[in-house]
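Chain by chain, the residues:
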Amino acid sequence: MNRLFGAKNNTPKPTLNSAISNVDTRIESIDVKLAKLTAELSTYQQRLGRMRDGPGKSAIKQKAIKILQQRKMYESQKDQLQQQSWNMEQAGMMQDNLKNTMATVDAMKTTQKELKRQYGKVDIDKIDRLQDEIAELMEVGNDIQESISRSYDVPEDVDEAELDAELEALGEDVELHGEGLGEDAMPGFLTESAGPPQFINEAPEMGKAKEAAT
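This structure is a prediction, so every number in the text was calculated from the model and none was measured.

1. A look at helix H2 (residues 16–50)
Compared with an ideal rise of 1.5 Å per residue, which puts 35 residues at 51 Å, H2 spans 52 Å between its outermost C-alpha atoms and is within 8% of the ideal. Regarding H2, the residues found buried are Ile20, Val23, Ile27, Ile30, Leu34, Leu37, Leu41, Tyr44 and Leu48. In this fold, the buried residues of H2 make contact with helix H3 (55–119).

2. A look at the nonpolar core
If you look at the biggest cluster of nonpolar residues, it comprises 15 residues, and the most contacted ones within it are Val23, Ile30, Tyr44, Ala64, Ile67, Tyr74 and Leu81. Listed by contribution, the elements that provide at least two residues to this core are H2 and H3. With residues up to four places along the chain from it excluded, the contact list for Val23 reads Leu81, Gln84, Ser85 and Met88.

3. Observations concerning a positive patch on the surface
Together, Arg47, Arg50, Lys63 and Lys66 make up a positively charged patch on the protein surface. Going through the elements one at a time, H2 and H3 are the ones with two or more residues in the positive patch. If you trace the backbone, Lys63 turns up in helix H3.

4. What about the packing of H2 against H3?
Where H2 meets H3, the closest approach of the two axes is 8 Å, and the angle between their N-to-C directions is 160 degrees. In terms of orientation, H2 lies roughly antiparallel with respect to H3. Helix-helix and strand crossings are classified by hand; for H2 and H3 the assignment is left-handed.

5. A closer look at the pattern of salt bridges
By the definition in use, this model includes three salt bridges. Salt-bridge contacts for Arg117 lead to Glu114; the nearest nitrogen and oxygen are separated by 2.4 Å. Taken as a pair, Arg117 and Glu114 lie in helix H3 at a separation of three residues, close to a single helical turn.

6. Comments concerning H3
End to end, H3 covers 96 Å across 65 residues, agreeing with the expected 96 Å (1.5 Å per residue, within 8%). Among the residues making up H3, those that are buried are Ile60, Ala64, Ile67, Tyr74, Leu81, Ser85, Met88 and Gly92. If you follow the buried residues of H3, they end up packed against H2.

How each quantity is defined
Residues numbered from 1 in each chain as written. Predicted model: local features only at pLDDT ≥ 70, side-chain atom pairs only at ≥ 80, totals over all residues. Heavy atoms only, no water. Helix = DSSP H or I, 4+ residues; strand = E, 2+ residues; numbered from the N terminus. Expected span 1.5 Å × (residues − 1). Buried < 20%, exposed > 50% of the residue type's maximum accessible area, 1.4 Å probe, protein only. Contact = heavy atoms within 4.5 Å. Core = buried A, V, L, I, M, F, W, Y, C linked by side-chain atoms within 4.5 Å. Patch = residues over 30% accessible without salt bridge, like charges linked within 9 Å, V, L, I, M, F, W, Y side chains within 5 Å. Areas by Shrake-Rupley, 256 points an atom, 1.4 Å probe, with all protein chains shown as cover. Salt bridge = Lys/Arg side-chain N within 4 Å of Asp/Glu carboxyl O. Lys, Arg positive; Asp, Glu negative; His and termini not counted. Charge placed at Lys NZ, Arg CZ, Asp CG, Glu CD. Axes fitted to C-alpha atoms, helices over the stretch in contact; angles between N-to-C directions. Parallel < 35°, antiparallel > 145°, perpendicular 65-115°, else oblique. Left-handed = near helix turned anticlockwise from the far one by under 90°.

Rendered as structure tokens:
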């Protein structure tokens, strides 16, 4: 059966992070080769600088050209691998953003369901009736406060103009009768120097007083 349909492949599929890691590993390997080629090319350049023109110098020059070509090839491969790594990193960032977006949408859906469930328990009509009852109770409370604070002595229909006129008249009366009195002055009939009332002409007789008493 395996020959007809092939064996089942149990190898796990590569992930984006593993692919990026493999590319980075290849780039590091190319960097090692480039460093080796650069050192070898530097050696050839130093030898060419000390040699005179001739067959030996031409042979060294050919070797240096080959090393230079190899270095350019590896540099091109490195640039391609770096671009691939950057493209995969961008794809990974887009994938992460998509995951975050989906998680946000799921959270919003869950919140919407919870809000609908909670608001479904709220009866607007009951709230309106409760508000009306509270308003009525507040009116009753205000009536009670007004009744308790009502004054019993002051008439409700007092004219302020009459009160002002009466207060002004009292002030004039005080000024008229109190001009000669100080703050501690006493009326004349209460002072010691005041004599008896002047309407008594003579003292009463003793006999008439006894008859009046009997």
